[in-house]
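So the chains spell out like this:
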Amino acid sequence: MSQEKFQQAIQQIDQLNAEDPNTESYNGIDYPKELLYAQRMSEALDQFEPQAKESLKIAARAQHIARWKIDRQSYPMDRAGYLKWRTDLKKMHAELTASILEKVGYNTEFIKEVGDLIQKKLLKKNNDAQTLEDVVCLVFLNYYFVDFSEKHTQEKLIGIIQKTWAKMSEKGQASALALDLGTPTRALIEKALS
């Protein structure tokens, strides 16, 4: 790993995410929302897969790069609109990351590898893509599920847990069950998996 190039790439991803006008409060401090998410992704990847490749580390950090630039409200509020928004986001995340990686001197093959990971290509066929999906699910369950659960019915939440579980590897599922999730979330997970 070229430590200098890697550090420059991470720094530029963080700089862009630091521009997020949306904030999230964590331990009494307000953070730009996507900067906090990116840091959580890196921490979760380090715990889940300490030997992760450089391309995977960058893809994890850039997973939601500048996400606020494409507003969910500008798409129809139905399933098709949601899926189109997600597809457009992934494409934007990959393009923004590619331009950063090009600027700091990565080669085309490496940039394509990172872009494919961000766009979740070859999921279930590529170990790194599966690892990234596991980490996305772990971060969601660990940091975002409780707030999310307050806005949805139990029936919908059970469906979401089941879909999340189906996306994860056995290692990811075991890591999810090892999280300190609190009684209501754990009960919901148990109900969804029974």
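Right, let's walk through the structure included here. (Residues numbered from 1 in each chain as written. Predicted model: local features only at pLDDT ≥ 70, side-chain atom pairs only at ≥ 80, totals over all residues. Heavy atoms only, no water.)

By the element assignment, Gly172 lies in helix α8 (residues 170-178). Overall, the relative accessible area of 0% leaves Gly172 in the buried class. Taking the C-alpha atoms as reference points, Gly172 and Gln11, separated by 161 residues in sequence, lie 28 Å from one another. When neighbours within four sequence positions are excluded, Gly172 is seen to be in contact with Phe48, Asp134 and Leu138. (Helix = DSSP H or I, 4+ residues; strand = E, 2+ residues; numbered from the N terminus. Buried < 20%, exposed > 50% of the residue type's maximum accessible area, 1.4 Å probe, protein only. Contact = heavy atoms within 4.5 Å.)

For the rest of this paragraph, the subject is the packing of aromatic side chains. Throughout the structure, instances matching the rule amount to seven aromatic pairs. The interplanar angle of 90° and the centroid separation of 5.8 Å between the aromatic rings of Phe140 and Phe145 together place this pair among those described as edge-to-face. Exposure class is identical for Phe140 and Phe145. Each is buried. Here the aromatic cluster, defined as three or more aromatic residues joined through ring pairs, consists of Tyr26, Tyr37, Tyr143 and Tyr144. Here the basic side chain of Lys5 rests over the ring of Tyr106, its NZ or CZ set 4.9 Å away from the ring centre. A cation over a ring is seen here: Arg40 above Tyr26, with NZ or CZ 4.6 Å from the ring centre. (Phe/Tyr/Trp six-rings, centres within 6.5 Å; stacked < 30°, edge-to-face > 60°. Lys NZ or Arg CZ within 6 Å of the ring centre and 35° of its normal.)

What follows is about the packing of helix α2 (residues 33-48) against helix α3 (residues 54-61). The relative placement of two packed helices is expressed as an angle between their axes plus a distance between the axes. Two elements in contact, α2 and α3, have axes whose closest approach is 8 Å; the angle formed by their N-to-C orientations is 145°. Of α3, the residues touching α2 (which contributes Ala38, Gln39, Met41, Ser42, Leu45 and Asp46) are Leu56, Lys57, Ala60 and Arg61. A breakdown of the residues in the contact of α2 with α3 according to their chemical character gives five nonpolar, two polar and three charged. (Axes fitted to C-alpha atoms, helices over the stretch in contact; angles between N-to-C directions. Nonpolar A, V, L, I, M, F, W, Y, C, P; charged D, E, K, R; others polar.)

Pairing of strand β1 (residues 23-26) with strand β2 (residues 29-32), which is carried by four bridges, proceeds in the antiparallel orientation. What sits directly across from Ser25, in β2, is Asp30. Here β1 folds back onto β2, and the loop between the two strands holds two residues, one of which, Asn27, carries a positive phi near 50°. (Pairing = 2+ DSSP bridges.)

A separate point is the environment of Ser55. Here Ser55 lies in helix α3. Between the C-alpha atoms of Ser55 and Leu117, which are 62 residues apart in sequence, the distance is 8.3 Å. Discounting residues that sit within four places of it in the chain, Ser55 has contacts with Phe110, Glu113, Val114 and Leu117. In this structure the side chain of Ser55 is engaged in a polar contact, spanning 2.7 Å, whose partner is the side chain of Glu113. (Polar contact = N/O pair within 3.5 Å; in protein donor to acceptor, adjacent residues only side chain to side chain.)

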